[in-house]
Amino acid sequence: MTRIEIEKKVTEYLKDEFSLEDTQLTPESRLREDIGLDSLDTVDIAIAVKKIFGFRMNTAEMQNVRTLSQFYTYIEQNIAQ
C-alpha cells in the first residue's frame, strides 16, 4: 500500500468517524490539540487500524505519535513488516 493510499484511507476514516473537515486534516495537524482526539478515540482508531490495515497498534508506540504525518508514517512502517 502506498503512502498516498494510507493517507486517503486515514483521512476518509477520520472525516466519517469524527465529523472532521479536510481543512482540519493536514499532515501537520496535531492529533490531540488540533483534531481533538482523546484516549477513548485512540481505542476506536486502534480497532479501525486493525480492520483497515491488518495490524494491531502498539499503544506505547502511539504515545509518541503527535501529528497526522507521524501517524501515516507509523502505519506505513507497520504495514511493511
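These numbers were taken from a predicted model, which means no experiment stands behind them.

Novice: For this particular structure, what's the right way to read the packing of helix H1 (residues 3-18) against helix H4 (residues 68-79)?
Specialist: In a packed pair of helices, the relevant descriptors are the angle between the two axes and the axis-to-axis distance. Two elements in contact, H1 and H4, have axes separated by 10 Å at closest approach and are oriented at 120°. The orientation of H1 with respect to H4, classified from their angle, is oblique. As for the relative orientation of H1 and H4, their crossing is right-handed in sense. Contacts between H1 and H4 involve Arg3, Ile6, Glu7, Val10, Thr11 and Leu14 on the former and, on the latter, Leu68, Ser69, Phe71, Tyr72, Thr73, Ile75, Glu76 and Ile79. Of the residues assigned to the contact of H1 with H4, the class counts are eight nonpolar, three polar and three charged.

Criteria and cut-off values
- Position numbers for residues count from 1 along each chain, tracking the sequence in the order it is written.
- With the structure being a predicted model, the display of local features is reserved for residues of pLDDT at least 70 and the display and counting of side-chain atom pairs for 80 or more, all residues being used for whole-chain, interface and lining totals.
- Hydrogens and waters are ignored; side-chain quantities use all the structure's heavy atoms.
- Orientation is described by axes fitted as lines to C-alpha atoms, over the contacting stretch for helices, and by angles from 0 to 180 degrees between their N-to-C directions.
- Strands are runs of DSSP state E lasting at least 2 residues, helices are runs of H or I lasting at least 4, and numbering of each runs from the N terminus.
- Oblique is the label for any angle not under 35 degrees, not over 145, and not in the 65 to 115 range, which are roughly parallel, roughly antiparallel and roughly perpendicular in turn.
- A clockwise turn of the near helix away from the far one marks a right-handed crossing, whereas an anticlockwise turn of less than a right angle marks a left-handed crossing.
- Whether two residues are in contact is decided by their heavy atoms: any pair within 4.5 Å suffices.
- Residue polarity is assigned by list, with Asp, Glu, Lys and Arg as charged and Ala, Val, Leu, Ile, Met, Phe, Trp, Tyr, Cys and Pro as nonpolar; anything else, Gly included, falls into the polar class.

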